[in-house]
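# Chains, contacts and geometry: an overview
The residues making up each chain are set out below.
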Amino acid sequence: MTPSSRSVAVVGGGIAGLAAARALQQAGVRATVFDKGRSAGGRAATRRREPHQFDHGAQFFTVRTPGFAAALRPLQDAGVVQRWHGPFRTLAGGVVGGDPRPGAERWVAAPGMSALPRAFAAGLTLAVSARIDGLQRAAAGSGWTLAGIDVATNAAVAHGPFDAVVLAIPTAQAHALLRTSGLAGPVAAAAAARAEALQPCLAALVAFAEPLADGDGAWFVTDDVLAWAAHDGGKPGRSGGPTYVLHGAAAWSMQRFDQDVLQNAQALVAAFARCLGRPLPAVAHLEGHRWRYALAAEGEPGGAAVVDAGLRLALCGDGLVGGRVEGAWVSGVAAAGQLLAGW
């Protein structure tokens, strides 16, 4: 089988899935990315509510590995990727401290975080609004068929055949999909073992009527309710307006996950004021968001990717490597590399 005749289905259009698809495509393999959303990107997301916008998921990313640095270099040259200088501080018990990682470089995409997956998705074959509910491997080993739903029409759709499948979705979702499909092996075992690798996070997207005094940059917060607060409007390439993103602590987010989204957002704003120890300006816009799989749980991460060479089935994503945008990229590239090596 020549590289150009091979085909791979990548389930999940977040950073890991896009990285895997790009690596496969660069090797001459036809890759199709399936994502249940209206666009690719996963938690590298930007929500626009004119005249406001909010990076309500991933807040920044690091660039520590040569491969990720190389992938970002043309985006840096184009101004799509820019360094965020903060300032970054800690906030605990009403006391503001310094940067918890002095000298660390933190990067963002401009004009919003969604620009990063949009750039990575350029030139790839994407099937959006495509939920995948089942995987079936032909008995003779002639390929994979994916059973799914067209989210826009709610119609059942079959995709395939494909020579291989990459699961680039949260490990809990991969575990459920593999169990429903009756599949066993090292990939299924890894998905089961890391099913709780990512914990929920509740977010508040708030615009204030006037600037917040000493409110630029971001805070790493130690609190039962609030874990992160950032002046989103102050990131590179943004408007500079008083827009903020607040993220809840994992335990609190888990406890409140199914409660009213707006009430959760209000609770996060109240926690921000309490942690700062002073009143906030009047709120001009407020909404909330639920991320079911977002925060890396405690515990040692596994390998960057897991591949069953016999089934031609791979698992990747930041849930295997302790979270982070860069970790997702590294995991996706690792999955593609291991698949190609075993072909």
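Here, the structure is the one placed above.
Everything numeric here is computed off the predicted structure, so don't read it as measured data.

## Thoughts on the sheet that holds strand 19 (residues 305-308)
Across the sheet, six strands lie side by side as 9-2-1-13-20-19; this open sheet has mixed pairing. Looking at the sheet topology across the chains shown, the edges are occupied by strand 9 (125-127) and strand 19. If you compare each strand with its neighbour and ignore which way they point, the axes differ by 20° on average. Summarising the sheet, strand 19 and strand 20 (residues 313-316) pair through four bridges and their orientation is antiparallel. Note that in strand 20 the partner of valine 306 across the bridge is leucine 315.

## A look at the pattern of salt bridges
Applying the stated criterion across every chain yields a total of 11 salt bridges. Of the charged contacts in the structure, one is a salt bridge between aspartate 55 and arginine 238, with a shortest N-O distance of 2.4 Å. One end of the pair, aspartate 55, is in the loop between strand 4 (52-54) and helix 2 (66-77); the other, arginine 238, is in the loop between strand 16 (226-231) and strand 17 (243-248), with 183 residues separating them in the sequence. Here aspartate 55 and arginine 238 have matching classes, each one buried. Measuring nitrogen to oxygen at the nearest pair gives 3.7 Å for the salt bridge that ties glutamate 105 to arginine 83. In this pair, glutamate 105 sits in the loop between strand 7 (95-97) and strand 8 (106-109) while arginine 83 sits in strand 5 (residues 81-84), placing the two residues 22 residues apart along the sequence.

## What to know about the environment of valine 29
The topology assignment puts valine 29 in the loop between helix 1 (15-26) and strand 2 (30-34). As a C-alpha pair, valine 29 and valine 8 span 21 residues in sequence and 7.3 Å in three-dimensional space.

## Digging into the pairing of strand 12 (residues 155-162)
As judged from the six bridges shared by strand 11 (residues 144-150) and strand 12, these two strands associate in the antiparallel manner. Among the inter-strand pairings, leucine 146 is bridged to a residue of strand 12, identified as histidine 159. Turn length for the strand 11-strand 12 hairpin, with the two strands adjacent in sequence and antiparallel, is four residues, and the turn residue asparagine 154 shows positive phi of about 65°.

## Quick look at the packing of helix 2 against helix 8 (residues 325-341)
Close contact between helix 2 and helix 8 brings their axes to 10 Å; oriented N to C, the two are set at 100°. One element, helix 2, and the other, helix 8, form an angle in the roughly perpendicular class. Contacts between helix 2 and helix 8 involve Gly67, Phe68 and Ala71 from the former and Val325, Glu326 and Trp329 from the latter. Of the residues that constitute the contact of helix 2 with helix 8, the class distribution is four nonpolar, one polar and one charged.

## Describing the sheet that holds strand 15 (residues 218-222)
The sheet built from seven strands is open, its strands ordered 7-6-15-16-17-14-18 with mixed pairing. Lying at the two open borders of the sheet, with one neighbouring strand each, are strand 7 and strand 18 (283-296). Between one strand axis and the next, the sheet turns by 20° as a mean value, whatever way the strands run. As defined by bridge partners, strand 15 adjoins strand 16 across three bridges and the pair is classed as antiparallel. By the bridge assignment for strand 16, alanine 218 is matched with alanine 230. Of the strands in this sheet, strand 6 (88-92), strand 14 (198-208), strand 15, strand 16, strand 17 and strand 18 touch helix 7 (residues 261-276), which is tilted by about 95° from strand 18.

## Examining the layout of surface pockets
Taken as a whole, the second largest pocket spans an internal volume of roughly 170 Å³. Every residue lining the second largest pocket is listed: Ala172, Ala195, Glu196, Leu198, Gln199, Pro200, Met254, Phe257, Asp258, Arg292 and Tyr293. Sorting the residues of the lining of the second largest pocket by element identifies strand 14 and strand 18 as the ones contributing at least two each. Top element by residues in the lining of the second largest pocket is strand 14. It accounts for three residues. Looking at the lining of the second largest pocket residue by residue, the class counts come to seven nonpolar, one polar and three charged.

About the thresholds
Residues numbered from 1 in each chain as written. Predicted model: local features only at pLDDT ≥ 70, side-chain atom pairs only at ≥ 80, totals over all residues. Heavy atoms only, no water. Pairing = 2+ DSSP bridges. Helix = DSSP H or I, 4+ residues; strand = E, 2+ residues; numbered from the N terminus. Axes fitted to C-alpha atoms, helices over the stretch in contact; angles between N-to-C directions. Salt bridge = Lys/Arg side-chain N within 4 Å of Asp/Glu carboxyl O. Buried < 20%, exposed > 50% of the residue type's maximum accessible area, 1.4 Å probe, protein only. Parallel < 35°, antiparallel > 145°, perpendicular 65-115°, else oblique. Contact = heavy atoms within 4.5 Å. Nonpolar A, V, L, I, M, F, W, Y, C, P; charged D, E, K, R; others polar. 1 Å grid on protein atoms, 1.4 Å probe; cavity = no way out; pocket = protein on both sides within 12 Å on 5 of 7 lines; lining within 4 Å. Points joined across faces, edges and corners; volume = space filled by probe spheres on them.

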